[in-house]
Amino acid sequence: MKVCATNLYPHPGYEDHIAMNLETDAGGKISIEKLQEKIKAFTPGEGTIIKDIHIPSSEKDRNIRLHLIIPANIEKNSPVVLDIHGGGYVSGSPEIDNYRCIAIAAHTPCIVASVEYRLATPKNSFMDSLMDCRDAYLWLRGHAHEIGGDPSRIAIHGTSAGGSLSEGLVLYLRDNGEPLPVLTVL
């Protein structure tokens, strides 16, 4: 029996809970915006390419943004990591994982594609987020060569809510007989 929960939404006010817990060294509070600015404000290694592409969604008339990080001197047919960012399902963007994804890309070495999935709102459920991640993964399976990657060597990586989405994606792929990643890092 297949069970699909499509009406799961974040508890109202969860964003305020996140903001309350972002303490500064001086004991004050830091806003989510300031924290995200700090996370995004670093320089990638020389020759690293960071660019966005838009791929088709399985839903008509929608596109999904993939934030690509391609390290300098990467070989053709390199492994690809699909990154799924955290943020409690209600906040975040691919850019908040830039530092981590640049390190993964440079030290693995591999191409990192971070997906901008729909955040949970009263209009968008968890399944909408999961299906955006699935669409990104399946696009990479069919098109990795277009970005210099090997479609047979795709891993999925996620942090916090992204870790949950990563594992949910792998279970969804398995249960639906779709190709599985070579590695999942939560």
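You'll find the structure just up there.
Reading guide: rules and limits
Residues numbered from 1 in each chain as written. Predicted model: local features only at pLDDT ≥ 70, side-chain atom pairs only at ≥ 80, totals over all residues. Heavy atoms only, no water. Buried < 20%, exposed > 50% of the residue type's maximum accessible area, 1.4 Å probe, protein only. Helix = DSSP H or I, 4+ residues; strand = E, 2+ residues; numbered from the N terminus. Arc of directions from axis to C-beta. Contact = heavy atoms within 4.5 Å. Salt bridge = Lys/Arg side-chain N within 4 Å of Asp/Glu carboxyl O. Axes fitted to C-alpha atoms, helices over the stretch in contact; angles between N-to-C directions. Parallel < 35°, antiparallel > 145°, perpendicular 65-115°, else oblique. Nonpolar A, V, L, I, M, F, W, Y, C, P; charged D, E, K, R; others polar. Core = buried A, V, L, I, M, F, W, Y, C linked by side-chain atoms within 4.5 Å.

Colleague: I would appreciate a short explanation of helix 3 (residues 98-107) in the present structure.
Modeller: Each α-helix turn comprises 3.6 residues. Residues three or four places apart therefore point the same way. Within helix 3, the full set of buried residues consists of N98, C101, I102 and A105. Looking straight down helix 3, one finds its buried side chains confined to an arc of 100°; they lie on one side. Turned more than 90 degrees away from the buried face of helix 3, the exposed residues are Y99 and H107. On its buried face, helix 3 is in contact with strand 1 (49-56), strand 2 (63-70), strand 3 (78-84) and strand 4 (111-115).

Colleague: Even after reading the chapter, I still don't get the pattern of salt bridges, so can you show me in this structure?
Modeller: Side chains that differ in sign of charge can pair as their charged atoms come close. Using the criterion set out here, one finds twelve salt bridges in the structure. The partner of D52 in a salt bridge is R65, with the nearest N and O atoms 2.9 Å apart. Of this pair, D52 sits in strand 1 while R65 sits in strand 2, and the two are 13 residues apart along the sequence. Note on D52: relative accessible area 39%, which makes it partly exposed.

Colleague: Is there a simple way to explain the packing of helix 4 (residues 126-143) against helix 5 (residues 161-175) in this structure?
Modeller: For any two helices packed against each other, the geometry is given by the interaxial angle and the distance between the axes. Helix 5 packs onto helix 4 with a crossing angle of 70° between their chain directions and a minimal axis gap of 10 Å. Considering the angle they form, helix 4 stands roughly perpendicular to helix 5. Of the residues in helix 5, those in contact with F126, M127, S129, L130, M131, C133, R134, Y137 and L138 of helix 4 are L165, G168, L169, Y172 and L173. Classifying every residue of the contact of helix 4 with helix 5 by side-chain character gives eleven nonpolar, two polar and one charged.

Colleague: Can you help me understand the nonpolar core in this one?
Modeller: One recurring pattern in soluble globular proteins: nonpolar side chains tend to sit buried together. Grouped together as the largest cluster of nonpolar side chains are 29 residues, with contacts concentrated most on L66, L82, I84, V115, L140 and L169. The set of elements that each furnish at least two residues to this core consists of strand 1, strand 2, strand 3, strand 4, helix 4, strand 5 (149-158) and helix 5. For this core, the element with the highest residue contribution is helix 4, accounting for eight residues. For L169, the residues in contact, after removing those within four places along its chain, are L82, I84, L130, C133, R134, Y137 and I156. Among the nonpolar cores identified, the runner-up in size contains eight residues, and I102, A105, C110 and V112 belong to it.

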